[in-house]
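Reading the structure
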Amino acid sequence: MRIAGLQKLTLLDFPGKTAATVFTPGCNFRCPFCHNADLVTGPATRAGSHEGDLSAADVLAFLEKRRGLLDGVCLTGGKPLIQPDLADFCARVRDLGFAVKLDTNGGFPDRLRALAEANLVDYVAMDVKNAPERYAKTVGASMLDLAPIEESMEVLRAGSVPFEFRTTVTRELHASDDLRALARWIGDASAWFLQNYRDAESVLGGAGRLHPWNVDELRALADELRASAPGIALRGMD
Ligand code: SF4
């Protein structure tokens, strides 16, 4: 289990719970709006151990000391499902009494299904990046097989683990009609969050290249999209 970072407390990332966040390196996508560029393309993504890595044992020892003080652990990245021994780590975190939240981009449906069926995750947040026709460009690829994404969506819809779909929206990649098509794809999922893009020097595609939606326009569009996707909500735009 490669661990590139640990945030010792978050009140925002695990709905209804106080949590620590564990960051894993590596990702199969290259979304230009990604805020974790170091985890996606930086030195920590090279094969083998890296001097910045934390050991799973050290992280578990930290969690042991937080028993009764924190409710859960968020696993994010990068993309945690890339780690082949993630299930073992989740089991050890659960054994300590913590709930586990997993972030996924939907690229590994078999691993997602295995974790869910083994009852090793308590909540899943899955990125659904854009309408099918715009997906490849949105994740920085020239072509993309959407079958794993669709299968991951189905794993969550058919399973019993609480989940959310979420989409970071940018002016350049998400036109109104793209979001209309995405809403039809999301359909009646119980929770779909739109998050507005935030520009930063460190974004993967470079600062100034992408722009957020006007919040009032996005709110009006969300009201329209609710007919197709009743679980829609805006996040972080109050
Ligand atoms: S936004 Fe998520 S899926 Fe996209 S490159 Fe970053 S970590 Fe990977």
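Keep in mind the model is a prediction, meaning the values are calculated, not measured.

**Observations regarding the overall build of the chain**
Tallying secondary structure elements over the chain gives 8 helices and 8 strands in all. Relative to its length of 238 residues, the chain is compact, with a C-alpha radius of gyration of 18 Å against a globular reference of 18 Å. For the chain, contacts bridging at least 24 residues in sequence account for 71% of all contacts bridging at least 6. Surface exposure of the chain reaches about 11,100 Å², of which carbon and sulfur atoms provide 49%. Once the 27 positive and 32 negative side-chain charges of the chain are each reduced to a mean point, those two points are 3 Å apart.

**Quick notes on the site of the ligand**
The local shell around the ligand consists of Cys27, Phe29, Cys31, Cys34, Val40, Gly78, Lys79, Asn105 and Lys129. Of the residues belonging to the shell around the ligand, the class tally is 5 nonpolar, 2 polar and 2 charged.

**Thoughts on the pairing of strand 5 (residues 123–127)**
Across the 5 residues of strand 5, 5 count as buried, placing the element largely inside the fold. Taking every second residue as pointing to the same face, both faces of strand 5 are buried, with Tyr123, Ala125 and Asp127 on one and Val124 and Met126 on the other. Here 4 bridges tie strand 4 (residues 99–104) to strand 5, and the two strands are oriented parallel to one another. What sits directly across from aspartate 103, in strand 5, is alanine 125. Across 4 bridges, the pairing between strand 5 and strand 6 (residues 163–169) is parallel. Along strand 6, the bridge assignment pairs valine 124 with phenylalanine 163.

**What to know about the environment of threonine 24**
The topology assignment puts threonine 24 in the loop between strand 2 (19–23) and helix 1 (37–41). Setting aside chain neighbours within four positions, we find threonine 24 in contact with Met1, Arg2, Ala4, Leu39, Thr76, Gly77, Gly78, Lys79, Pro80 and Gln83.

**Regarding the sheet that holds strand 2**
Note: strands within a sheet are paired through backbone hydrogen bonds, in either parallel or antiparallel orientation. Pairing is mixed across the open sheet formed by 8 strands, whose spatial order is 1-2-3-4-5-6-7-8. The two strands at the open ends of the sheet, each matched to only one other strand, are strand 1 (5–10) and strand 8 (232–235). Strand-to-strand twist across the sheet, computed as the mean angle between neighbouring axes with direction ignored, equals 20°.

**Quick notes on helix 3 (residues 86–95)**
Every buried residue of helix 3 is listed here: Leu86, Phe89, Cys90 and Val93. Considered in projection along helix 3, the buried side chains sweep an arc of 100° and stay on one side of the axis. For helix 3, the elements touching its buried residues are helix 2 (56–65), strand 3 (72–76), strand 4 and helix 4 (109–117).

**As for the side chain of threonine 21**
One can find threonine 21 in strand 2. In contact with threonine 21, other than residues within four places in its own chain, are Gly5, Leu6, Gln7, Thr10, Asp13, Cys74 and Thr76.

Rules used in this analysis
Residues numbered from 1 in each chain as written. Predicted model: local features only at pLDDT ≥ 70, side-chain atom pairs only at ≥ 80, totals over all residues. Heavy atoms only, no water. Helix = DSSP H or I, 4+ residues; strand = E, 2+ residues; numbered from the N terminus. Rg over C-alpha atoms; globule rule 2.2 N^0.38 Å. Contact = heavy atoms within 4.5 Å. Areas by Shrake-Rupley, 256 points an atom, 1.4 Å probe, with all protein chains shown as cover. Lys, Arg positive; Asp, Glu negative; His and termini not counted. Charge placed at Lys NZ, Arg CZ, Asp CG, Glu CD. Near = heavy atom within 4 Å. Nonpolar A, V, L, I, M, F, W, Y, C, P; charged D, E, K, R; others polar. Buried < 20%, exposed > 50% of the residue type's maximum accessible area, 1.4 Å probe, protein only. Pairing = 2+ DSSP bridges. Axes fitted to C-alpha atoms, helices over the stretch in contact; angles between N-to-C directions. Arc of directions from axis to C-beta.

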